[in-house]
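As a plain string of letters, each chain reads:
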Amino acid sequence: MAKELIKVALIGNPNTGKTSVFNHLTGLHQQVGNYPGITVEKKIGTCKLSEDTKATIIDLPGTYSLNASSIDENVVIELLMNKKDENFPDVVVVVSEVENLKRNLLLFTQIKDLEIPTILVINMSDRMQLKGIELDIPFLENQLKTKIALVSSRKNIGIEKIKELILHYESLSTEPCLNASSIDPEYFDKLRKAFPNQLVYKLWLVITQDVNFLNLERNEMKSSFTKSHADLKRLQQKETIKRYQFINDTLKIGQKIDQSKASDVRAKLDRVLTHKIFGYLIFFVVLFAIFQSIFDWSSIPMDFIDSTFANLATYVKTHLPAGEFTNLISEGIIPGIGGILIFIPQIAFLFLFISVLEESGYMSRVVFLMDKIMRRFGLSGKSIVPLISGTACAIPAIMGARNIENWKERLITILVTPFITCSARLPVYAILIALIIPEKRVLGFISLQGMTLMVLYLLGFGMAIFSAFVLNKILKISSKSYFVVEMPSYKIPLFKNVAINILEKTKSFVFGAGKIILAISIILWFLGSHGPGKDFKNAQTIIEHEVYSSAIAINPSVIPNRVAEYKLEHSYIGIIGKSIEPAIRPLGYDWKIGIAVVSSFAAREVFVGTLATIYSVGNNSDEESTIKEQMKYEIREDGKPVFNLATGISLLLFYAFAMQCVSTLAIVKKETNSWKWPVIQLVFMSGFAYLTALLAYQFLK
Amino acid sequence: MQTTIADLKIGQKGTISDFNIEEIPLKLLEMGCLPGNTIELIQIAPLGCPLYYNVNDSHVAIRLETAKEIIVVIENQN
């Protein structure tokens with residue numbers, strides 16, 4: 001039996017609970033992808049409406065109107081303007097919220113002007129009684145020429161009603177609510193005559209903004225219908241006023257608010273949370289809790305993942321028949337997958353906090369508190385979110401900079417975020433600190449190792465702020481600071497939303513960054529276990545010959561290790577390492593560390609894995625303590641340990657500053673739409689890292 | 001009395017009479033910051049900027065330089 005499929009687009013202002021409605025309608029039947037060419041998240045889900053009808057629901061980015069001011073908002077307009085788009089909706093569901101109905105309806109009236117069947121969802125109806133709000137639904141339906149579903153996504157009320165309305169979307173009126181073109185009849189008449197086949201409102205949207213429309217002759221239109229920027233904006237203002245007039249007239253009858261019931265929870269909370277002392281104090285406590293959880297609580301599941309994969313690799317090695325294939329699995333794939341999964345606890349904890357802070361409405365208060373301080377460094381209050389997220393991973397952090405309206409502030413945020421210590425640096429820091437910093441306590445309770453780790457975090461943050469300050473002075477970009485932040489009412493976060501958000505973010509990390517990490521691990525394994533020429537192939541005989549023909553007696557039991565080392569030295573990766581040795585010797589690194597540094601230009605966390613591979617080849621044990629031990633006893637030609645204080649500090653500084661993450665570079669390219677910025681980042685960050693590492697080593701050695 | 005919304009005191013209300021349209025983001029207009037609407041200053045950030053307003057039932061924070069472009073008439077001087 002052929003099933004019918006209805007295409008639905010979910011649109012609404014930010015903070016209306018649009019995503020909760022989406023989650024209720026689709027459950028876990030969601031797919032997250034990207035729009036072609038841009039990194040805006042595209043969420044599509046399916047929902048069963050009746051026995052033989054299904055709906056595909058696309059959750060569009062939140063927007064206040066159809067006048068886009070960011071690429072996220074652009075997505076909404078481009079979809080609604082292009083009837084040929086495969087996702088062009090049969091019916092639009094506008095999600096509004098009972099407390100902000102007036103403002104939410106502005107977007108609704110704009111969408112109605114596009115003459116697409118539209119359903120109005122009024123969400124958070126559970127707050128109506130509390131706020132003393134009454135709605136005359138039949139009157140509103142009549143005035144707004146639509147059908148209304150009164151919904152509480154928190155209490156799971158009204159979702160069935162939405163489904164029912166979607167099912168019968170064909171009976172919805174497609175008539176606009178008001179005649180927007182009356183703001184300048186002469187101009188709009190001309191427009192109508194020039195393009196008789198197009199909707200006037202569509203033409204108007206094309207004229208007023210920079211959106212790519214496929215079928216409209218944009219340039220032709222621009223030349224004959226252009227007005228000065230100020231004139232256009234004046235018309236847009238007139239349009240907005242006209243829409244609000246209509247909305248106010250409608251709500252005057254359709255909505256009754258008992259002012260006496262307006263609760264002042266928001267005012268009370270605001271007074272504390274944005275207080276000049278308590279506000280900052282609370283923010284720092286929150287930050288502290290976040291870091292505590294990321295580094296302390298997540299160490300338990302991380303250790304578990306670590307040991308599980310180490311055991312798994314050993315198990316595979318001992319239980320599968322020895323050979324190339326087993327080696328690929330136990331030395332390449334399993335450690336590779338383990339290297340990805342180990343970050344899940346931290347990323348999940350971070351997004352738990354971020355989504356709770358955002359859902360509750362607290363994040364806007366932080367933006368409010370921090371804006372002035374951040375501006376001194378050329379950043380925006382909104383940069384706080386990327387800078388915090390950067391401690392987990394720079395990729396989602398850089399994407400999070402998208403809602404910064406001012407291009408210069410956004411660019412600086414994108415450029416400095418990679419300095420923030422991300423979770424990928426953590427394993428590198430951890431192993432190096434354990435090697436070079438004694439396990440001592442100062443004053444009896446401050447761990448020296450912990451202190452070092454903290455200093456490294458502060459160093460990253462300080463460097464981010466400092467380079468923002470410098471960039472702010474250098475970059476000659478003048479863009480207006482159109483800073484507008486909505487301060488939403490406080491809400492208790494919905495468990496379902498938070499959970500789905502964490503799940504999605506973790507998934508996109510595992511499949512996005514994870515692919516690269518896994519690929520690198522496999523490539524590394526291959527390069528390390530294969531080599532050109534006779535030296536590699538005949539390692540066994542060469543070493544045996546050396547040992548047995550040696551003048552001094554050598555215990556034959558060292559042969560396997562010596563063979564492995566010889567093989568490594570003559571493998572592809574050994575050759576690469578040897579050839580770059582002159583460049584890294586001044587920093588205190590030998591060719592083995594060199595390999596690890598080079599391979600971690602793809603992703604930092606590869607460093608530990610590479611050293612593990614390099615030092616443990618020929619060794620059956622895969623435990624981390626063994627790697628640490630091996631690193632500890634690694635000796636230079638002059639008999640001194642490789643990982644002394646000078647080399648260790650030099651490496652720590654190098655990893656703190658160098659731009660070693662292909663995925664971050666890729667995302668910066670996408671977000672800035674140019675190769676210029678990622679290249680500058682790569683050259684400057686890595687150059688700076690080289691310099692500081694060089695100075696540190698030469699000074700300390 | 002005419003002034004800009006940057007000069008309102010916390011809790012003070014005014015009616016928007018005019019603004020410099022070139023300097024005002026469209027988003028602010030769309031949130032209801034339009035001539036004739038009431039605006040109330042709710043909170044000032046500790047360092048004097050941004051400012052947090054309630055306009056037309058929308059709660060928004062904007063920077064000082066934007067606030068200085070919006071002119072209001074203060075209804076009652078208490």
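To be clear, the structure that these remarks concern was listed above.
Since we're looking at a predicted model, the values are computed, not measured. (Residues numbered from 1 in each chain as written. Chains lettered and ligands numbered in written order. Predicted model: local features only at pLDDT ≥ 70, side-chain atom pairs only at ≥ 80, totals over all residues. Heavy atoms only, no water.)

J.: An account of the side chain of Glu-409 of chain A is needed here, citing residue identities and associated values.
T.: Here Glu-409 of chain A lies in helix 19 (residues 407-416). Residue Glu-409 of chain A is classed as buried on the basis of its relative accessible area, which comes to 10%. Discounting chain neighbours no more than four positions away, the residues touching Glu-409 of chain A are Arg-375, Gly-378, Leu-379, Ser-380 and Ile-404 of chain A together with Arg-63 of chain B. (Helix = DSSP H or I, 4+ residues; strand = E, 2+ residues; numbered from the N terminus. Buried < 20%, exposed > 50% of the residue type's maximum accessible area, 1.4 Å probe, protein only. Contact = heavy atoms within 4.5 Å.)

J.: Explain helix 7 (residues 185-194) of chain A to me, using residue names and the numbers behind them.
T.: All names here are of chain A. Listed in full, the buried residues belonging to helix 7 are Tyr-187, Phe-188 and Leu-191. Along the axis of helix 7, the buried residues cluster in a sector spanning 90°; they form a single face. Across from the buried face of helix 7, at angles greater than 90 degrees, the exposed residues are Glu-186, Lys-190 and Lys-193. (Arc of directions from axis to C-beta.)

J.: I'd love a proper account of the side chain of Ser-96 of chain A, names of residues and values included.
T.: Residues and elements named next belong to chain A. Looking at the secondary structure, you find Ser-96 in strand 5 (residues 91-97). The buried category is assigned to Ser-96, whose relative accessible area is 0%. Contacts of Ser-96, omitting those with residues within four sequence positions, involve Thr-16, Leu-101, Asn-104, Leu-120, Val-121, Ile-122 and Asn-123.

J.: Go over the interface of chain A and chain B with me, naming the residues and quoting the values.
T.: Counting from both sides, the interface comprises 44 residues of chain A and, opposite them, 34 residues of chain B. Summed over both partners, the interface of chain A with chain B buries about 3,500 Å², with 58% contributed by carbon and sulfur atoms. Area buried by chain A at its contact with chain B is led by Lys-233, Phe-368 and Val-484 of chain A, which between them contribute 19% of it. The tally of links between chain A and chain B comes to 4 salt bridges. (Buried area = accessible area lost by both parts, 1.4 Å probe. Salt bridge = Lys/Arg side-chain N within 4 Å of Asp/Glu carboxyl O.)

J.: How would you explain the packing of helix 1 (residues 18-26) of chain A against helix 6 (residues 159-167) of chain A if you had to name every residue and give the values?
T.: All names here are of chain A. Packing of helix 1 against helix 6 leaves a shortest axis separation of 10 Å and a crossing angle of 75°. The angle between helix 1 and helix 6 falls in the class roughly perpendicular. Judged by residue contacts, Val-21, His-24 and Leu-25 of helix 1 engage Ile-159, Ile-162 and Lys-163 from helix 6. Residues that form the contact of helix 1 with helix 6 fall into these classes: 4 nonpolar, 1 polar and 1 charged. (Axes fitted to C-alpha atoms, helices over the stretch in contact; angles between N-to-C directions. Parallel < 35°, antiparallel > 145°, perpendicular 65-115°, else oblique. Nonpolar A, V, L, I, M, F, W, Y, C, P; charged D, E, K, R; others polar.)

J.: Describe the packing of aromatic side chains, listing the residues and the values that go with them.
T.: How two aromatic rings sit relative to each other is set out by the distance from centre to centre and by the angle between their planes. All names here are of chain A. Evaluated as defined, the whole model comprises 11 aromatic pairs over all chains. Measuring from centroid to centroid gives 6.3 Å for Phe-377 and Phe-469, while their planes differ by 65°, and the two rings are edge-to-face. With a gap of 92 residues between them, Phe-377 in the loop between helix 16 (362-375) and helix 17 (384-389) and Phe-469 in helix 21 (residues 448-474) connect regions that are remote in the sequence. Judged by relative accessible area, Phe-377 falls into the partly exposed class, the value being 26%. Between Phe-419 and Phe-657, the aromatic rings sit 6.2 Å apart at their centres with planes inclined by 75°, giving edge-to-face as the arrangement. With Phe-419 in the loop between helix 19 and helix 20 (425-436) and Phe-657 in helix 30 (residues 645-657), this pair connects stretches of sequence that are 238 residues apart. By relative accessible area, which is 6% here, Phe-419 ends up buried. Classification of Phe-657 by relative accessible area gives buried; the value is 5%. Ring pairs connect the aromatic residues Tyr-589, Phe-607, Phe-654 and Tyr-655, which therefore count as one cluster. In this structure, Lys-382 is placed above the aromatic ring of Phe-483, and the distance from its NZ or CZ to the ring centre is 5.7 Å. (Phe/Tyr/Trp six-rings, centres within 6.5 Å; stacked < 30°, edge-to-face > 60°. Lys NZ or Arg CZ within 6 Å of the ring centre and 35° of its normal.)

J.: Tell me about the sheet that holds strand 5 (residues 58-62) of chain B, and please be specific about residues and values.
T.: Strand order in the open sheet formed by 7 strands is 12(A)-5(B)-4(B)-3(B)-2(B)-6(B)-1(B), and the pairing between neighbours is antiparallel. Every interior strand has two partners, whereas the edge strands, strand 12 (484-486) of chain A together with strand 1 (2-4) of chain B, have only one. Geometrically, the sheet is characterised by an average inter-axis angle of 40° between neighbouring strands, direction not taken into account. Here 3 bridges tie strand 1 of chain B to strand 6 (residues 70-74) of chain B, and the two strands are oriented antiparallel to one another. Each residue of the ladder has a partner; that of Thr-4 of chain B, found in strand 6 of chain B, is Ile-71 of chain B. (Pairing = 2+ DSSP bridges.)

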